[in-house]
2 protein chains.
Amino acid sequence: MNVKPIIHATASVVISYLTYQAVRLIIQQLEETNPPLAIWLRQFSTSDKIQDGDRYLQELMTVNQELAYRVMTVRQHLGEEVLDYLPELCRTGILQSNQQHQRQHFEKIMELSIPEATEDR
Amino acid sequence: MNVKPIIHATASVVISYLTYQAVRLIIQQLEETNPPLAIWLRQFSTSDKIQDGDRYLQELMTVNQELAYRVMTVRQHLGEEVLDYLPELCRTGILQSNQQHQRQHFEKIMELSIPEATEDR
């Protein structure tokens, strides 16, 4: 199994997600300092546009470069705060999720088998 | 700025993405070994369903627990292969993306300013 493309695709998903979170933070900040610009940025940042962080930034750069630079700065800052925690947190998250699904499955089996056991008496 | 919710939300996005990649790999494997099941899994795994990896697994567990266990195993394995590379790769990706957007912006400014400079002569 060649996992290299999956590693790169996952990194790309994370970067786009941090771009989205950076935009959300900036909209929150603008709501306090410049409400009309907050409305404009919210309308500009449609969910299908922001799915690809790089294309989104490219488009934003053409219409408001100051905001584009701000998104890049906040995204980089978020990266510094978030990225190092990801491996451990995801590893734990996957383990916990797997255990939870397995537990729910066993509980269901038990629920189904208990009435049968009662009937046998 | 409270980044804790963003860290957890990002981890959740990564886990869901690895679930999606695990399903893709299993569909590829099934296409060789069990084509009808590959078709079934592809039809079951609609993009809106798979956006939330945990809900997807919960649903899959109710209809085909063997496949659900397989998705969990492959996802965990993918995590081991992918997660440790993410911080560095994302950090580099963000830096490169920022530099690229800035360079494109400067090139555009230069393109716009060169004709003016020529006119001045």
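Residues numbered from 1 in each chain as written. Chains lettered and ligands numbered in written order. Predicted model: local features only at pLDDT ≥ 70, side-chain atom pairs only at ≥ 80, totals over all residues. Heavy atoms only, no water.

A few points about the packing of helix α2 (residues 35-44) of chain A against helix α4 (residues 53-63) of chain A
Residue and element names in this part refer to chain A. Packing of α2 against α4 brings their axes to within 12 Å, and their N-to-C directions diverge by 140 degrees. Classified by the interaxial angle, the pair formed by α2 and α4 is oblique. Every pair of crossing elements has a handedness; the one defined by α2 and α4 is right-handed. From α2, W40, L41 and F44 reach across to α4, where they touch Y56, E59, L60 and V63. Its residues placed into classes, the contact of α2 with α4 shows 6 nonpolar, no polar and 1 charged. (Axes fitted to C-alpha atoms, helices over the stretch in contact; angles between N-to-C directions. Helix = DSSP H or I, 4+ residues; strand = E, 2+ residues; numbered from the N terminus. Parallel < 35°, antiparallel > 145°, perpendicular 65-115°, else oblique. Left-handed = near helix turned anticlockwise from the far one by under 90°. Contact = heavy atoms within 4.5 Å. Nonpolar A, V, L, I, M, F, W, Y, C, P; charged D, E, K, R; others polar.)

Notes on the relation of the copies chain B and chain A
The two chain copies are related to each other by a rotation about an axis together with a translation along it. Between the two copies, chain B and chain A, the superposition gives an RMSD of 0.0 Å; the rotation angle is 180 degrees and the shift along the axis is 0.0 Å. In short, the pair behaves as if placed about a two-fold rotation axis. Judged by C-alpha distance, V14(B) is the residue of chain B that lies nearest the rotation axis, at 3.5 Å. By residue overlap, the copies meet face to face through one surface: 100% of the interface positions of chain B are interface positions in chain A. (Least-squares fit on C-alpha atoms with pLDDT ≥ 70 in both.)

Honestly, it's all geometry; don't read function into it.
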